[in-house]
Structures are given as structure tokens and as C-alpha cells.
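Geometric and topological summary
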Amino acid sequence: KMAPQDLKKRAWEIKKELGNRLFIPGHHYQKDEVIEFADATGDSLQLAQVSAENQDAEYIVFCGVHFMAETADILTGDHQTVVLPDMRAGCSMADMANMEQTERAWQKLQETFGDTIIPLTYVNSTAEIKAFVGKHGGATVTSSNAHKMLKWALSQKKRVLFLPDQHLGRNTAFDLGIPLEEMIVWNPISDEFEGPTENLDDMQMILWKGHCSVHENFRMQHIHDLREKEPDRHILVHPECTHEVVTASDYNGSTKYIINKIKEAPPGSKWAIGTEMNLVNRLIQVHTDKDIVSLNPEMCPCLTMNRIDLPHFVWSLDQIVSGKPVNKIKVDAEKSALAKTAIERMFQFV
Ligand code: 13P
Ligand code: SF4
């Protein structure tokens, strides 16, 4: 077992040795100990874009979660190998929609709504769900372009099946002026709608019953406590939080939006942020002239993001150097082509 400083030294050596043959994207929710080595940092949209632009690197060591590495594989060439330093770095939200459930749901929705529905999926979904959406004329969305993409979808069809995050779907639709009464939840476990079904034809949003287990940890009680104790603290949350939390907060937006909001905030201003712990901690460290706390005082780590740690990262680099790369992420060709259709529909708008 190597000491952290030796692991870091080894990582820098390998980066130097491989040069442009290696590219390391890192999501904002990653640990500092790996972000230090990232060639590009970003939210999920930015990372998808930089992966698509980089056609030179032979190896892309993706510091993020499985669905992001799949997207990188879909967007990069056959001559490029995407590696995920720890295969257990999944996403509980992406796991809430599988193909069997989605096929069953789609069949029921076709019977109910005919040809008046189009699917959209948050990029936080597996490649096969993206492929399904691509096949049925839909597109992917990220938290930073969800409004644009939902507007587009509703210009195509009367209603949208939004996978797999009900909260991002509900919050985005609400912002576009769609009343909550015109949204209904689809439960993929019971294969049924949740809630009253007498006015199904009015429904514009069919929200897949999935959520992010990190962002659901920011609750109304935290907002009430804070408003009472510190009414001058601004509350800024990610739209993966529940609708009531988003509505009760002062600002909401994607990871990129949160970072920019804090960057632009005046010195001395006070903030409570509702998003993943590593990002909140980094903002606290970087913006020492502002008073920043987590909206949930217990902090909310994403356990799977955190599985990419320094030992796994260096191990995956070492394996590349020794000619035996591990944890290669390869989406099969047919799925990859369909998923790419869905992603490229999104790229037309951003
Ligand atoms: P964004 O990077 O699109 O803000 O998504 C947040 C997230 O939960 C990533 O897993
Ligand atoms: Fe998935 Fe939420 Fe973790 Fe993002 S923060 S990877 S959506 S569980």
C-alpha cells in the first residue's frame, strides 16, 4: 500500500510519460485528490462536450460515474479507450430506470396516449436508456439545458415522458409554466401511474419515479431552520432537489450555475448550498471571502462519485502504462449509435 504522496508522485509521472495520449476529465463532484490531476473539470454537459472534442487521446480516464464514462465512449472514436478507475462508481438514479421497465412503460403509454408522447432522458441514465430515447425520436438533457430541451420536446409532441429524475422533470416543467395538475408520476415498479388518472389526456409531463439520493437529502426542515436562524443567508440548490425545496429556495440551477452564482456573489455574502459535498467544500475553500455552508449541516456526499479515489485512480493509470488497461467502458455499437442520436439532438440546442 503506497502513501498518498507516493501515489501522487506516481500519477504525475504517468501523466508526463503518456502526455497527449492520456486525457482526464473530472466531474465537479469528484474528490480533490483526483480533481488535482484532471485535464478538464466540468459538469456533465461540459464533460460530454470536451470528450467529443478530444479525438487525440488514446486513453480517457474518466473521473466521474459510469453513465458519464459511457457517454464519453459513445462520443469518442474507436481508436480511443475509456477507463473508469472503479467499476463500482455507478449512479443510484441511473439505476432507477432499466430497459425492461422502460419498454413496459412505453407500451402502456402508447396504448394510453397514442402518438402524442416523446421521451426525454436526463444524461444521468444508462446508455441503453439513451438509445431507447434516441430510437423513439427523443433527446437527452442535462440540468443546464433542461428548459431548452423540454421546450423543444413540447414543440414536437403534446407530452413528454421524462426519465429518470422526477424532480428535474417537475422543476423544469413548472418553470415553463406547466401546472402540477398536468404532471403525473409513472411508477416503474408497479407499472402504474401514481395519483388520480381521470384527466390523463390533460397530462403534459409523465415523470419517471426516480430521484437522486444525494439531492433528496436537502429537506424543508433545513430551509425552515435556516430561515429562522439566518434570514439573510441565500439558499441555492440543484434542481435534482424536490419541488418543494426548489420552490422554497432563493435560486436553483445546475452545477455550473451554482459555481457561477457563487463566483459572482459579493464578498461577505452568506450562502447555503444544496448540492454534493465535494463541490460545496471546494467552493468554501476557493471563496474564502464569502460565508458558505451546506444546506444540510450533515453534508451530503455522493458515495459512488467518491469511489474514484487516489488509489483506484493511480492503479488504473499504472495498468495503462503496463499495457493491460482495466475497467474499459465500451457501449455496444448498435446502442451507441442510437444513444448518439439522442445526445446529438441535444447538442443542436447548446
Ligand atoms: P450536472 O453535472 O449536470 O449538474 O449533474 C449533477 C449530477 O448529479 C451529476 O451526477
Ligand atoms: Fe447519481 Fe446523484 Fe450521485 Fe449524481 S449525485 S451521480 S445523480 S447519485
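Since the structure is predicted, the reported quantities are computational estimates derived from the model, not experimental observations. (Residues numbered from 1 in each chain as written. Chains lettered and ligands numbered in written order. Predicted model: local features only at pLDDT ≥ 70, side-chain atom pairs only at ≥ 80, totals over all residues.)

1. Thoughts on the sheet that holds strand β5 (residues 81-83)
The strand order across the open sheet built from three strands is β1-β4-β5, with neighbouring strands paired in parallel fashion. The sheet is open, and its two borders are formed by β1 (22-23) and β5, each paired with just one other strand. In the sheet, β1 pairs with strand β4 (residues 59-61) via two bridges, with the strands oriented parallel. Bridged to F23 within β4 is I60. (Pairing = 2+ DSSP bridges. Helix = DSSP H or I, 4+ residues; strand = E, 2+ residues; numbered from the N terminus.)

2. Quick notes on helix α13 (residues 310-321)
Along its twelve residues, α13 runs 17 Å from first to last C-alpha, staying within 8% of the 16 Å computed at 1.5 Å per residue. Those residues of α13 not exposed but buried are L310, H312, F313, V314, S316, L317 and I320. Turning to α13, the residues buried within the fold contact α1 (4-18), α2 (32-35), β4 and β5. Directly after α13, the chain includes G323, whose backbone phi takes a positive value near 80°. (Expected span 1.5 Å × (residues − 1). Buried ≥ 20, exposed ≤ 12 C-beta atoms within 10 Å, placed from the backbone. Contact = placed C-beta atoms within 7 Å.)

3. Details of the nonpolar core
Core analysis: the largest hydrophobic core is formed by 99 residues, its most contacted members being F62, L120, M149, V160, F162, I206 and I273. With six residues, the single largest contributor to this core is helix α4 (residues 66-75). (Core = buried A, V, L, I, M, F, W, Y, C linked by C-beta atoms within 7 Å.)

4. Some remarks on helix α7 (residues 146-156)
Turn by turn, an α-helix covers 3.6 residues, leaving residues three or four places apart pointing in a common direction. Looking at α7, one finds that the buried residues are A146, M149, L150, W152 and A153. Burial along α7 is one-sided: seen end-on, the buried residues are contained in an arc of 160°. Away from its buried face by more than 90 degrees, α7 exposes K151 and S155. (Arc of directions from axis to C-beta.)

5. Points about the site of ligand 2
The local shell around ligand 2 holds 13 residues, among which C91, M93, C212, V214 and C302 are the closest. Of the residues that constitute the shell around ligand 2, the class distribution is eight nonpolar, four polar and one charged. (Near = placed C-beta within 6 Å. Nonpolar A, V, L, I, M, F, W, Y, C, P; charged D, E, K, R; others polar.)

6. Some points on the pairing of strand β8 (residues 159-163)
Judged by how many residues are buried, β8 sits mostly within the fold: five of five residues are covered. The two faces of β8 match: R159, L161 and L163 on one face and V160 and F162 on the other face are all buried. Two strands pair when backbone bridges link them, and strand β6 (residues 117-122) and β8 are joined in this way by five bridges, in the parallel orientation. In the sheet register, L120 faces β8, and the bridge partner there is F162. Two elements, β8 and strand β11 (residues 205-208), share three bridges in a ladder whose sense is parallel. By the bridge assignment for β11, V160 is matched with M205.

7. With respect to the environment of N217
Considering the arrangement of structural elements, one finds N217 in the loop between β11 and α9 (220-229). Distance from N217 to M299, taken between C-alpha atoms, is 9.0 Å for residues 82 residues apart in sequence. Residues within four places of N217 in sequence aside, it is in contact with N296 and C300.

8. What about the pairing of β11?
Of the two faces of β11, the one carrying M205 and L207 and the one carrying I206 and W208 are both buried. Bridge analysis of strand β9 (residues 183-187) against β11 gives four bridges, and the strand direction is parallel. Its bridge partner being in β11, V185 is matched across the sheet by L207.

9. A look at the UniProt feature "binding site: [4Fe-4S] cluster" (unreviewed entry) in the protein chain
The sites that UniProt annotates as "binding site: [4Fe-4S] cluster" (unreviewed entry) are C91, C212 and C302. On the basis of their most widely separated C-alpha atoms, the annotated residues across 212 residues gather in one place, lying no more than 9.4 Å apart. Mapped onto the elements of the fold, C91 is located in the loop between β5 and α5 (99-113). Mapped onto the elements of the fold, C212 is located in the loop between β11 and α9. (UniProt positions renumbered as here; feature names shortened; annotations may be inferred.)

10. Considering the packing of helix α6 (residues 127-135) against helix α14 (residues 333-347)
Packing of α6 against α14 leaves a shortest axis separation of 7 Å and a crossing angle of 65°. When the axis of α6 is compared with that of α14, the two are roughly perpendicular. As α6 runs across α14, the sense of the crossing is left-handed. Only K335, S336, L338, A339, T341, A342 and I343 of α14 make contact with α6, whose side of the interface consists of A127, E128, K130, A131, V133, G134 and K135. (Axes fitted to C-alpha atoms, helices over the stretch in contact; angles between N-to-C directions. Parallel < 35°, antiparallel > 145°, perpendicular 65-115°, else oblique. Left-handed = near helix turned anticlockwise from the far one by under 90°.)

11. Things to note about the sheet that holds β11
With respect to topology, six strands assemble into an open sheet ordered β7-β6-β8-β11-β9-β10, the strand pairing being mixed. Strands with a single pairing partner mark the edges of an open sheet, and in this sheet they are β7 (139-141) and β10 (192-194). Strand-to-strand, the axes of this sheet are offset by a mean angle of 30°, without reference to chain direction. Sitting on the sheet, α6 touches β6, β7 and β8, and the angle it makes with β6 is about 150°. Against the sheet, α7 makes contact with β6, β7 and β8, and its axis sits at roughly 165° relative to β6, the strand it touches most.

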